[in-house]
Amino acid sequence: MFYTITIQMQVRQRRFTTKAAKELAVAIYSNNGMIRSFSNEGILRPYMKLRDQNKKVIPYCRYWQLQVDMSDENLKKFVRVAQDHPDVLRTTVHYTEIEVGAMKANPEYTPLDT
C-alpha cells in the first residue's frame, strides 16, 4: 500500500538531523518498504503545542514528509520505531489509497467526464 507519513521532529544540528534521516530510512528498508519521496519541509511553528519528554513546550519543529510503499504490518513496525526515536515528537500516517467521499460510495463516479 501507498502511504504518506508526516514526521515532526525537534530542531537539532545538521549532523543529528542527517543521522536521524538515515536511521529512519534504514528502518523503512529493513521492514521491506520502499521510499518514493523524502522531503524536508523545513522548520515551522506547529499549530498545536508540542512538548518533549521533560514537558517543556517546543515552539518550532522540523517537518519531514515521506511517501512510502509498504505493507500494513510493516508500517506499524516502522511507526513504532519512529515514535521510539528520541527526536521524533509526532508521527502521522495518511492512507492515500483509501477512497473517500463520492468515489467510495460510487467507484464509477467521474465528475470530469464530458
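Reading the values: the criteria
- Residues numbered from 1 in each chain as written.
- Predicted model: local features only at pLDDT ≥ 70, side-chain atom pairs only at ≥ 80, totals over all residues.
- Heavy atoms only, no water.
- 1 Å grid on protein atoms, 1.4 Å probe; cavity = no way out; pocket = protein on both sides within 12 Å on 5 of 7 lines; lining within 4 Å.
- Points joined across faces, edges and corners; volume = space filled by probe spheres on them.
- Helix = DSSP H or I, 4+ residues; strand = E, 2+ residues; numbered from the N terminus.
- Nonpolar A, V, L, I, M, F, W, Y, C, P; charged D, E, K, R; others polar.
- Core = buried A, V, L, I, M, F, W, Y, C linked by side-chain atoms within 4.5 Å.
- Buried < 20%, exposed > 50% of the residue type's maximum accessible area, 1.4 Å probe, protein only.
- Contact = heavy atoms within 4.5 Å.

### A look at empty space enclosed by the protein
Right, on to step 1. Applying the stated criterion across every chain yields a total of one cavity of 30 Å³ or more.
Right, on to step 2. Its boundaries defined by the atoms lining it, the largest cavity holds a volume of some 40 Å³.
Right, on to step 3. Considering the residues around the largest cavity, the lining is formed by Met9, Gln10, Arg12, Phe16, Thr17, Ala20, Arg62 and Asp87.
Right, on to step 4. Looking at the lining of the largest cavity element by element, the count peaks at three residues for helix H1 (residues 14–30).
Right, on to step 5. Across the lining of the largest cavity, the residue classes break down as three nonpolar, two polar and three charged.

### A short note on the nonpolar core
Right, on to step 1. Judged by nonpolar contacts, the single largest core of 20 residues is most densely connected at Ile5, Ile7, Ile28, Trp64, Met70 and Phe78.
Right, on to step 2. Elements supplying a minimum of two residues to this core: strand S1 (2–9), H1, strand S5 (61–69) and helix H2 (72–84).
Right, on to step 3. Take this core: its biggest share by element is six residues, from H1.
Right, on to step 4. Setting aside residues up to four positions removed in sequence, Ile28 forms contacts with Gly33, Met34, Ile35, Leu66, Val68, Met70 and Phe78.

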